[in-house]
Amino acid sequence: MSNRRSHLILVGLIALALAGVAALGVPGSPVHKKVTLGLDLQGGLEVVLKAVPPKKRTCDASCMERSISIMRSRIDKLGVAEPEIRKQGKNQIVIQLAGVHDAGKAAQIIGKTAQLQFFDLEVDVTGPSTDGAGHVVATDSLYKLLNAVKADTKKGTPTAFYLFNSKKQVAAGPEDTRAKLLQSTTKGKLKLQGKVPKGFVVLAVPPKTTVVSCLVSTGCPGVTTATGATVFYLFKFQPDNETNPIPEATGGDLKLSAISAQIGTAGQGNVVQLGFNGEGAKKFHEITRNEAIRGSTAANAAGQGSANDLNTINTYAQHFAIVLDGELKSTPYINYKENPDGIDPTGTGAEVSNIASFGEAKDLALVLQTGALPVKFEQIERTDVSATLGKDSLRQAKNAALIGLLIVALFLLVLYRFLGVVAVVGLGIYAAFLYAAILLFGVTLTLPGFAGLILTIGVAADANVVVFERIKEEVRSGKSVRAAIAAGYQKGFHTIIDANVVTVITAMVLFAVATAGVKGFALMLMIGTVISLVTAVGATRAMLGLLAGFRWFENPRFMGAAGQQSAKWLQIDFMKRRYLWFAISGAIVVIGVGALGVRGLNLGIDFKGGTQVTFKTPKPVSLTAVRKEASKFGKEPIVQGRGKAVGGENYKSFQLRLRSLSGPQTTALSNDIKQRFGQNISSQIQTVSASFGRQIARSAIIAVLFSLLLIILYVAIRFDFKFAGPVIVALLHDIVITVGVYALIGREVSNSTVAAVLTVLGYSIYDTIIIFDRIRENIPLMRRAPFATIANVSLWETIRRSLATTLITLLPVSALLLFGGETLKDFAFALMVGIASGAYSSIFIAAPLLTIWKEREPEYARRRGQPEPSGDGTATLEAAEKAAASAPAPDLSPVAAAERATGGSQAKRERRRQRRRAKPHGRAR
C-alpha cells in the first residue's frame, strides 16, 4: 500500500508540473514565455570576430570584456531586439543578430575598430610627404611612396609589408610581418605559399612610421591636378613614446557624450562634432597652441603678420590631422588670430567635416560614441540568413520532429502493446518537460538544436526499451507482473545510468569545444538526456506501479511478454565466429581507409575557408546565369543546382562556393543576387576564413580524443579496466567507418558532421554498455562456465534489446534525413552511419574482443580445459549448453536458452526452484 501511495503522489506531482507547463505556453498567462528562435530559424546575421593585437601585445580577459561591452553598446544603438554577444575561446567574439534588416551595415559597424588618431600635420609628416619647408606633399601611388623610402626600411623593424603586382598595384597586405604576407592570398586569388611571384615585389613601411591614405574628393593637403582618386602620406608613428607620443592624441581622449552628427551648412557638408575629456582637452590645447604659434611665426616671417583676411590666414595656418583607421578624414586649420594660445580646452573641441551624407555622419558618430575598440578585430566567419529561409527551415524542423515522434510512438505500441501505451504517455510527458526547460532556461532554439531535440526522442524511448525488455525477461522467468516491474526497474536502472552518462559526457565535450552553431545541438542533447532519464525512471515507473494492482494487467500477453525471449535464429555461437566478424569489419575498414587515402574527404568551407551561398529563386534559373553573376566576385566559382532540374540545367535552388569574401564584398554579393534574381529570395551566405577552418579541425580532433579519454575512465571505474579496451576499439572502429563512408561517397564534411561523429561516440557505446552490463551480471551466476559461454548467453539475452534501441534511435534520425533541411540532413546522415556501425561493433567487435582478453586470465583459461590460453579461444555451443545447465543461478534467464537445448534434469530442477522463489513475491498485496 505504501508503494501504491508513493506512486500516486508522484503521478499527482507530474500532473501539477504538466499544468505548469501548460501555463507557460498559454498566451496571456502571467508566466507565459515564448520560445527564442535563433537567427537560422528567423533570419539575421552572425559574425565571429577575432582579436588581432599589435606585435608584442596581447588582448587579455579584460580587453575582451571591454570589447564585448563596446560592441553591445553599438548594437543597442542599432535597435536590434535581443542580440546575443558572447566570448568564444580566448580571443573570439560571436555576435548573433536575429531579424536584423541591413546585415551589411550592421556587420560593418559592429567590427569597426575606430582607431581615431590626431596628428600635428605639418610636424608629423615625414619622408616624401614633406618638402622640408613645412609644406605637405601628397603621393598618388603607394608603390611610389614606399619605393622612395626603401633604404629606410633597413634601419629597424618595418611596421607593415605590402605586395605589389607587375602593374604596381597592391596585391596583398598590409601585414605586420613579411612571413605572414607571403602566407596570405592575393586579391587575384593567388596563394603565395611563402614565395614572391615573378614580376611581384614586396615593399615595407619604414620603422616608426605609418601610411595614411586620403580620398581626394574629401579635400586632401598637398594635392596637385595630376593626382589620382586616392593619395598617400607617410607619418611619424611613435605611440609608445611617453614624453612625445605620435600621434599626439587618440580616440581614448574623446568625451563620448559630446559627440554628435550635424547637418552642415552650405558648402561645408555634414559634420561630426568632437569633444574631449579632461586629459584629452589638455593634449588638444597643447597641440593647437603649438600650431597657432608656428602659424603666427610663419606669417610674421613673410611680412603678413598683421593681415586678418581668411585667405592669408589659411596660407600660413597649421593643420590638425584627424585620421580614422588609417584614412585622413579632415585637416581643420588653427586660426592663429582668433586663437593665439590655441583652442580653449572648455571650447567646442573639433569636428570632422565634409562628410558626404548625413547617414554616414550618423554612423561615424555612432562608432565614436561607443568608444574605440582596444585592439583590431578581423572577421573570420559571417553568416547571413534571410527571413524566408529561416521560416522554411523552421517548418522543416517542426515536420521532422513531429514525424519522428509519431514513428517512435507507433513502434513502441506495436512492440510493447500496453507497455507501449505507457511509454507513449511517458514520451508525451518528456516532450512537455523538454519544452518547459527550453522556456525556463531561455535556450535559444537553433537548427542544430532542433536536430538535438529530435535525436533525444530516441534517447527518451531507449530508456523505456531497456526497462521494458527487462520486465519481459522477469515475467518469462515466472515472476508476477508486479514483481517483474520492480525487478525490471531495479536491474535496468544501472544500465540506463551508464548509457546516459556516456551520452552526456560526449555532449559536454562537444559543448565545450564546438562553435556557436553546434553548441545548440550539444545543449539540447544534454537537456534531453537528463529529462529522458527522469521521465523513464520516474513517470513511467509510477504509472506502471499504479496499474500493477489490477488483475487485467497480470496477463503477460497483454504486454507482449509471452513466448521466448529471443528467436532461435538469434541464438548463434557469436564467439565461435568472432574471427569472421573481425574479417568483415577489417574489409570494410580497409575499403574506407583506401577511399580516404585515394579520394580524401570533401571538406566544406567550415574547414577550408571560403564563402558559400545558398539561395532559392521564385522561378527556375539556368546554371549559366548564376555562374555569370558569381564570377564577378571570384574566378571559377563552383556553382551547383540542387533539387530537381527543370528543362535541362534550370533550377530553383543553388549553392555557390567562392574564395573568402570580405564584409563589403559579402554585402555586395547579397545585393547583387537580389537585384538579379528577385528581392524576396530565400538565401544564406556564410563566409569562413581559412584560419577559422583550421581551428575547427583542431577542436574536432581534441574533442574526439578527450571524449575517448573520459569514456575510458568511466568504463574502467564502473566496470573493469579490461572492459574499457574493447569499448575504445569499437568506438575507433565506428569513427573510421563513418569517415570512410564520407570519403567513399564524396559527401561534404561540415561542422555538423563533426558534431554528429562526436554524438556517435556516445551512441556507439550505448549498446556496448547494455551487453557488458549483462556480462558483468552473469559472471557470478555462471561460476563454472567458460567466458565465451557467458558472453554468448549474455548476447542472446540482450540482442533483442540492442536491436530495439538501435532501431528506435534510427527512426527519428530517418525522419530528420527525409524531412529536415540541409543542415539537419548533414546531422542525420552521419548519425545513421555511426549508429548502425555502433550496433554492429557492440555485438561483433566489443564482446568478442572482451572474450579474447578475459580468456587469457588463468581462471577462464582453466574453464576452457587448458592450462594456458591457446588456440582460437572459441567456446562451442555444446560447451555453453552444458555449463549453462549446471550454473547455480537464482535467475534462469541467463541459462534459459542453453537449458532448452540440453533438456538436462539439473536445469529442470533449477527452473522449478526459481518458480518456487518467485511465487511469494508475486502475490498481490
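Computed from a predicted structure; not experimentally measured. (Residues numbered from 1 in each chain as written. Predicted model: local features only at pLDDT ≥ 70, side-chain atom pairs only at ≥ 80, totals over all residues. Heavy atoms only, no water.)

Engineer: In this structure, what is going on with the overall build of the protein chain? I would like to understand it.
Structural biologist: When helices and strands are tallied, the protein chain shows 27 helices and 24 strands. By residue count, 53% of the 925 residues in the protein chain fall in the buried class. Pairs at least 24 residues apart make up 75% of the contacts formed inside the protein chain by residues separated by at least 6 positions. When the accessible surface of the protein chain is split by element, carbon and sulfur atoms take 58% of a total near 40,600 Å². (Helix = DSSP H or I, 4+ residues; strand = E, 2+ residues; numbered from the N terminus. Buried < 20%, exposed > 50% of the residue type's maximum accessible area, 1.4 Å probe, protein only. Contact = heavy atoms within 4.5 Å. Areas by Shrake-Rupley, 256 points an atom, 1.4 Å probe, with all protein chains shown as cover.)

Engineer: When you look at the nonpolar core in this model, what are you seeing that I'm missing?
Structural biologist: Side chains that are nonpolar tend, in soluble globular proteins, to be buried together. Counting 135 residues, the largest nonpolar core has Leu412, Phe468, Ile471, Leu544, Phe574, Phe772 and Ile775 as its most contacted members. In terms of residues, this core owes the most to one element, helix H11 (residues 387-440), which gives 22 residues. The next biggest cluster of nonpolar side chains, apart from the first, holds 23 residues, and it includes Leu116, Ala292, Ala299 and Ala317. (Core = buried A, V, L, I, M, F, W, Y, C linked by side-chain atoms within 4.5 Å.)

Engineer: Please explain a nonpolar patch on the surface as it appears in this structure.
Structural biologist: On the surface, a cluster of nonpolar side chains totalling about 520 Å² of accessible area is made up of Ile702, Phe706, Leu709, Leu713 and Ile717. Judged by relative accessible area, which is 45%, leucine 713 ranks as partly exposed. (Patch = residues over 30% accessible without salt bridge, like charges linked within 9 Å, V, L, I, M, F, W, Y side chains within 5 Å. Salt bridge = Lys/Arg side-chain N within 4 Å of Asp/Glu carboxyl O.)

Engineer: Teacher, can you tell me more about the packing of helix H15 (residues 578-598) against helix H20 (residues 721-745) here?
Structural biologist: Between two packed helices, the angle of one axis relative to the other and the distance separating the axes together describe the packing. Where H15 meets H20, the closest approach of the two axes is 8 Å, and the angle between their N-to-C directions is 50°. What the angle tells us is that H15 and H20 run oblique. The chirality of how H15 crosses H20 is left-handed. Taking contact as the criterion, the partners of Ser585, Ile588, Val589, Ile591, Gly592, Val593, Ala595 and Leu596 in H15 are, on H20, His733, Val736, Ile737, Val739, Gly740, Ala743 and Leu744. (Axes fitted to C-alpha atoms, helices over the stretch in contact; angles between N-to-C directions. Parallel < 35°, antiparallel > 145°, perpendicular 65-115°, else oblique. Left-handed = near helix turned anticlockwise from the far one by under 90°.)

Engineer: Which parts of the structure should I look at to understand the sheet that holds strand E8 (residues 201-205)?
Structural biologist: Pairing between sheet strands relies on hydrogen bonds along the backbone, with the strands arranged either parallel or antiparallel. If you walk across this open sheet you meet the 3 strands as E7-E6-E8, and the pairing is antiparallel. Bordering the open sheet on either side are strand E7 (170-175) and E8, each of which pairs with just one other strand. If you compare each strand with its neighbour and ignore which way they point, the axes differ by 20° on average. With 5 bridges joining them, strand E6 (residues 160-164) and E8 adopt antiparallel strand pairing. In the sheet register, alanine 160 faces E8, and the bridge partner there is valine 205. (Pairing = 2+ DSSP bridges.)

Engineer: Can you help me understand the environment of alanine 172 in this one?
Structural biologist: By secondary structure assignment, the location of alanine 172 is in strand E7. Given the relative accessible area of 4%, alanine 172 is considered buried. Expressed as a C-alpha distance, the spacing of alanine 172 and leucine 192, which sit 20 residues apart in the sequence, is 9.7 Å.

Engineer: Help me understand the pattern of salt bridges, please; the structure alone is not making it clear to me.
Structural biologist: When charged atoms on two side chains of opposite charge get close, those side chains can pair. Taken as a whole and assessed by the stated rule, the structure comprises 16 salt bridges. Note that arginine 289 is salt-bridged to glutamate 286, the shortest N-O span being 2.6 Å. With arginine 289 and glutamate 286 both in helix H8 (residues 278-301) and 3 residues apart, this pair spans about one turn of that helix. Looking at arginine 289, the relative accessible area reads 26%, which means it is partly exposed. Across the pair glutamate 469 and arginine 800 runs a salt bridge, and its minimum N-O distance is 3.7 Å. Highlighted residues: glutamate 469 in helix H12 (residues 447-476) and arginine 800 in helix H22 (residues 787-819), separated in sequence by 331 residues. Overall, glutamate 469 belongs to the buried group, its relative accessible area being 3%. Salt bridges sharing common partners tie together Arg470, Glu474, Lys479, Arg774, Glu777 and Glu797.

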